[in-house]
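Chain and residue survey
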Amino acid sequence: MCTHYCEKGCKRKGLNEAISIRDLKRFAVEHDTKESWKEKAYHLPATGKKVAVVGGGVGCAIAYPVAKELHDQGCEVHSIIGFRSRELLILEQEFRACSERLIVMSDDGSCGEKGLVTDALRALLEAGEQYDEVIAIGPLVMMKFVCALTREYGVKTVVSMNPIMVDGTGMC
């Protein structure tokens, strides 16, 4: 998705059609007639829930405070974090401190297990883990495949929309 106002000259036309994020946000705000977006804002699950927090790359910097808050509220937190390599690994000890279970994944196998975060999540779900919610924060493609996986198991999933927001407020 292109964030610029130059849809007429957009190079995405070769793939499909140009998309203006500004127009998408405006459409969402204008057609929100039932209740205020603030009332629909995400609220953390109640105490005692079992939640999987999936973080990818720098998305772990956002996933960690979410995992910590869930843990502090009494939720059982299973964290799955993934990186390209050991050199890019961040916040491992912090996640370990607030997670009942931590799985570290890396593309090259230099830290944790070799593979993708979806591989680890699938293994947990196939082993019978039942989650009240999965929260995924990271690259768009990672979040897409986490959603596809959790849909198969009927697990409520929340993803971060920050990667497609220009200013972080969604009010353009």
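Residues numbered from 1 in each chain as written. Predicted model: local features only at pLDDT ≥ 70, side-chain atom pairs only at ≥ 80, totals over all residues. Heavy atoms only, no water.

Burial runs high along strand E2 (residues 76-83): 7 of the 8 residues are buried. Taken together, the 7 bridges between strand E1 (residues 50-56) and E2 define a ladder with parallel strand orientation. Counted as the bridge partner of Val-51 is Val-77 from E2. With 6 bridges joining them, E2 and strand E3 (residues 101-106) adopt parallel strand pairing. By the bridge assignment for E3, Phe-83 is matched with Ser-106. The parallel pair E2 and E3 is bridged by helix H3 (residues 92-98), and the resulting crossover is right-handed. (Buried < 20%, exposed > 50% of the residue type's maximum accessible area, 1.4 Å probe, protein only. Helix = DSSP H or I, 4+ residues; strand = E, 2+ residues; numbered from the N terminus. Pairing = 2+ DSSP bridges. Right-handed = clockwise from strand over helix to strand, strands pointing away.)

Moving on, we get to the sheet that holds strand E6 (residues 157-159). The 6 strands lie next to each other as E4-E3-E2-E1-E5-E6, forming an open sheet whose pairing is parallel. Only two strands of the sheet have a single partner each, and these edge strands are strand E4 (113-114) and E6. Sheet contacts for helix H2 (residues 60-72): E1, E2 and strand E5 (133-137); angle to E1, the most-contacted strand, approximately 165°. (Contact = heavy atoms within 4.5 Å. Axes fitted to C-alpha atoms, helices over the stretch in contact; angles between N-to-C directions.)

Two elements in contact, helix H4 (residues 117-126) and helix H5 (residues 140-153), have axes whose closest approach is 10 Å; the angle formed by their N-to-C orientations is 15°. Considered as vectors, H4 and H5 are oriented roughly parallel to each other. You can see that H4 and H5 cross each other, and the crossing is right-handed. Only Met-142, Phe-145, Val-146, Leu-149, Thr-150, Glu-152 and Tyr-153 of H5 make contact with H4, whose side of the interface consists of Val-117, Thr-118, Leu-121, Arg-122, Leu-125 and Glu-126. Its residues placed into classes, the contact of H4 with H5 shows 8 nonpolar, 2 polar and 3 charged. (Parallel < 35°, antiparallel > 145°, perpendicular 65-115°, else oblique. Left-handed = near helix turned anticlockwise from the far one by under 90°. Nonpolar A, V, L, I, M, F, W, Y, C, P; charged D, E, K, R; others polar.)

Honestly, that's just the spatial picture; any functional story needs more than this.
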